[in-house]
Amino acid sequence: MYKQILVPVDLNDKGFSDKAIEQAVWHAKHANAQVHLLNVLPGIHMSMVATYFPKDAAQKMRDDVEAQLKLFASQHIPEEVVYKAHVAEGKTYSTILDYAEKLGADLIIMPSHKRSKIDKVVLGSVASKVVQNSPINVMVVKPQG
């Protein structure tokens, strides 16, 4: 059974991560596992990008995302499930994989956008990159309908 479950959460797309967190909660309850929510921010500390923002913008963004992630958790994770919320910065798929390793995760449960074939070719898919590169099990939860 799984003991450490990582759930990448996209806070910009309302309702997108709900199905993934449902699955994580189910698995956590049945295996007495801990859930780790992760939101990945774009790398605004990179020198080229940082010059366009006020000095405290990165910290304000991080604080805002942490508050949103805690609210998301309180709405979707019952009290009996142990969880932690994490906010990281970087390239999304590699940061997810780095956190999975750092946390000792044995399962990643992530939502997948409903994309057309052309979108996948042009844009790539975070979920597919995580699946291709992850040394641990990945459950991809597709949107319904």
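As shown above, the structure is provided for reference.
Residues numbered from 1 in each chain as written. Predicted model: local features only at pLDDT ≥ 70, side-chain atom pairs only at ≥ 80, totals over all residues. Heavy atoms only, no water.

*Asks:* I'm lost on the overall build of the chain in this one. Help?
*Replies:* Looking only at helices and strands, the chain features six helices and five strands. Along the chain, helices (α) and strands (β) appear in the sequence β-α-β-α-α-β-α-β-α-α-β when read from the amino end. On the chain, roughly 8,900 Å² of surface is accessible, and the fraction owed to carbon and sulfur atoms is 54%. (Helix = DSSP H or I, 4+ residues; strand = E, 2+ residues; numbered from the N terminus. Areas by Shrake-Rupley, 256 points an atom, 1.4 Å probe, with all protein chains shown as cover.)

*Asks:* Is there a simple way to think about the pattern of salt bridges in this case?
*Replies:* Opposite charge on two side chains permits them to pair, given that their charged atoms come into close proximity. The final tally for this structure, using the stated rule, is two salt bridges. Here E80 ties to K29 by a salt bridge, and the two come within 3.4 Å at their closest N and O atoms. Here K29 lies in helix α1 (residues 18-31) and E80 lies in the loop between α3 (57-76) and β3 (83-89), a separation of 51 residues in the sequence. With a relative accessible area of 56%, E80 lands in the exposed category. By relative accessible area, which is 47% here, K29 ends up partly exposed. (Salt bridge = Lys/Arg side-chain N within 4 Å of Asp/Glu carboxyl O. Buried < 20%, exposed > 50% of the residue type's maximum accessible area, 1.4 Å probe, protein only.)

*Asks:* Would you mind showing me how to read the environment of K91 here?
*Replies:* Mapping K91 onto the fold places it in the loop between β3 and α4 (92-103). Residue classification places K91 among the exposed residues on the basis of a relative accessible area of 56%. When the C-alpha atoms of K91 and L41 are compared, they prove to be 8.2 Å apart, with 50 residues separating the residues in sequence.

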